[in-house]
Amino acid sequence: MKKLGLDATDIRILSAVQQHGQLSKTRLAELVNLSSTPCWARLDRLKAAGYIRGYHAELALERIVDFTQVVVTVSLGSHRKAEFVRFEDYIMKLDEVTDCIATGGGMDYVMKVATPSLAAFQAIMEDMLAAELSIERYMTYIATRQIKTSRPNLAKLIAKSG
């Protein structure tokens, strides 16, 4: 844990806010077994150091609106840095792309895209191809239902890494 500059209490605080989101000072202190004032001071320090990017609500989107979710793998024709930067800059501007990771191996990117319909998804892909982003090929996989979505267990990751 020294590599990260975090101690066990910091990890407990980060794990608690990852699992529960924003918490009252009292509740967070209870969860991490620390008195309120030092707990809140540590949380402020962790925020200031950039360990917490933000707080989000996990919505049951399928109960709110009908939508199409597509997983897309993308392979670029060129592997120059400028091509990666241009593609990534373009993706960052698309609200419909909810996740995008760069990968090594056969494909360069894996994205999750949420749109109101399959036709809307296809329009996004046509726009991407027209934008000359060096896309050599892409494969689409229509998501039929969500089986699991979660965040990594911070305490387990740290315990197994060192």
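Described below are features of the structure shown in this document. (Residues numbered from 1 in each chain as written. Predicted model: local features only at pLDDT ≥ 70, side-chain atom pairs only at ≥ 80, totals over all residues. Heavy atoms only, no water.)

Here's the deal with unusual backbone geometry
Part 1 of the argument: The phi angle at Asn33 is positive, at roughly 60°, despite the residue not being glycine.
Part 2 of the argument: With respect to the secondary-structure elements, Asn33 resides in the loop between helix H2 (25–32) and helix H3 (36–48).
Part 3 of the argument: On the basis of relative accessible area, Asn33 is assigned to the exposed category, the value being 69%.
Part 4 of the argument: The phi angle at Ser134 is positive, at roughly 70°, despite the residue not being glycine.
Part 5 of the argument: Residue position: Ser134 is located in the loop between helix H6 (118–130) and strand E4 (135–142). (Helix = DSSP H or I, 4+ residues; strand = E, 2+ residues; numbered from the N terminus. Buried < 20%, exposed > 50% of the residue type's maximum accessible area, 1.4 Å probe, protein only.)

Quick word on the layout of surface pockets
Part 1 of the argument: Its volume calculated, the largest pocket comes out at about 2000 Å³.
Part 2 of the argument: If you go around the largest pocket, you meet 45 residues; those closest to its centre are His56, Asp99, Thr149, Ser150 and Arg151.
Part 3 of the argument: For the lining of the largest pocket, the elements supplying multiple residues, two or more each, are helix H1 (8–20), helix H4 (61–64), strand E1 (68–76), strand E2 (97–102), strand E3 (109–115) and helix H7 (154–161).
Part 4 of the argument: With 5 residues, H1 is the largest single contributor of residues to the lining of the largest pocket.
Part 5 of the argument: A per-class count over the lining of the largest pocket returns 23 nonpolar, 15 polar and 7 charged. (1 Å grid on protein atoms, 1.4 Å probe; cavity = no way out; pocket = protein on both sides within 12 Å on 5 of 7 lines; lining within 4 Å. Points joined across faces, edges and corners; volume = space filled by probe spheres on them. Nonpolar A, V, L, I, M, F, W, Y, C, P; charged D, E, K, R; others polar.)

Side note on the nonpolar core
Part 1 of the argument: The biggest cluster of nonpolar side chains holds 17 residues, and the ones touching the most others in it are Val72, Val74, Phe87, Ile91, Met111, Met128 and Ile135.
Part 2 of the argument: Those elements giving two or more residues to this core turn out to be E1, helix H5 (81–92), E3 and H6.
Part 3 of the argument: Once you skip the residues sitting within four places of it in the chain, Met128 turns out to touch Phe87, Tyr90, Ile91, Leu94, Met111, Leu133 and Ile135.
Part 4 of the argument: Counting residues in each nonpolar core, the second largest holds 15 residues, with Leu23, Leu28, Cys39 and Leu43 among its members. (Core = buried A, V, L, I, M, F, W, Y, C linked by side-chain atoms within 4.5 Å. Contact = heavy atoms within 4.5 Å.)

Details of the packing of H1 against H2
If you want to describe how two helices pack, look at the angle between their axes and the distance between the axes.
Part 1 of the argument: Between H1 and H2, the shortest axis-to-axis distance is 9 Å and the interhelical angle comes to 120°. One element, H1, and the other, H2, form an angle in the oblique class. For the pair H1 and H2, the sense of crossing is right-handed. Listed contacts from H2 to Arg12, Ile13, Ala16, Val17 and His20 of H1 are Leu28, Leu31 and Val32.
Part 2 of the argument: Tallied by class, residues from the contact of H1 with H2 come to 6 nonpolar, 1 polar and 1 charged. (Axes fitted to C-alpha atoms, helices over the stretch in contact; angles between N-to-C directions. Parallel < 35°, antiparallel > 145°, perpendicular 65-115°, else oblique. Left-handed = near helix turned anticlockwise from the far one by under 90°.)

Comments concerning the sheet that holds E4
Part 1 of the argument: Strand order in the open sheet made by the 4 strands is E2-E3-E1-E4, with antiparallel pairing throughout. Two strands in the sheet have a free side with no partner beyond their single neighbour: E2 and E4. For this sheet, the mean inter-axis angle between neighbouring strands, taken without regard to orientation, is 20°.
Part 2 of the argument: Both E2 and E3 contribute to a ladder of 5 bridges, which runs antiparallel. Bridge pairing in E3 places Ala102 opposite Tyr109.
Part 3 of the argument: The sheet contacts of H5 involve E1, E2, E3 and E4, and relative to E3 the element is tilted by about 20°.
Part 4 of the argument: Sheet strands in contact with H6 are E1, E3 and E4, and its direction is about 170° off that of E4. (Pairing = 2+ DSSP bridges.)

The analysis is restricted to geometry; functional conclusions fall outside its scope.
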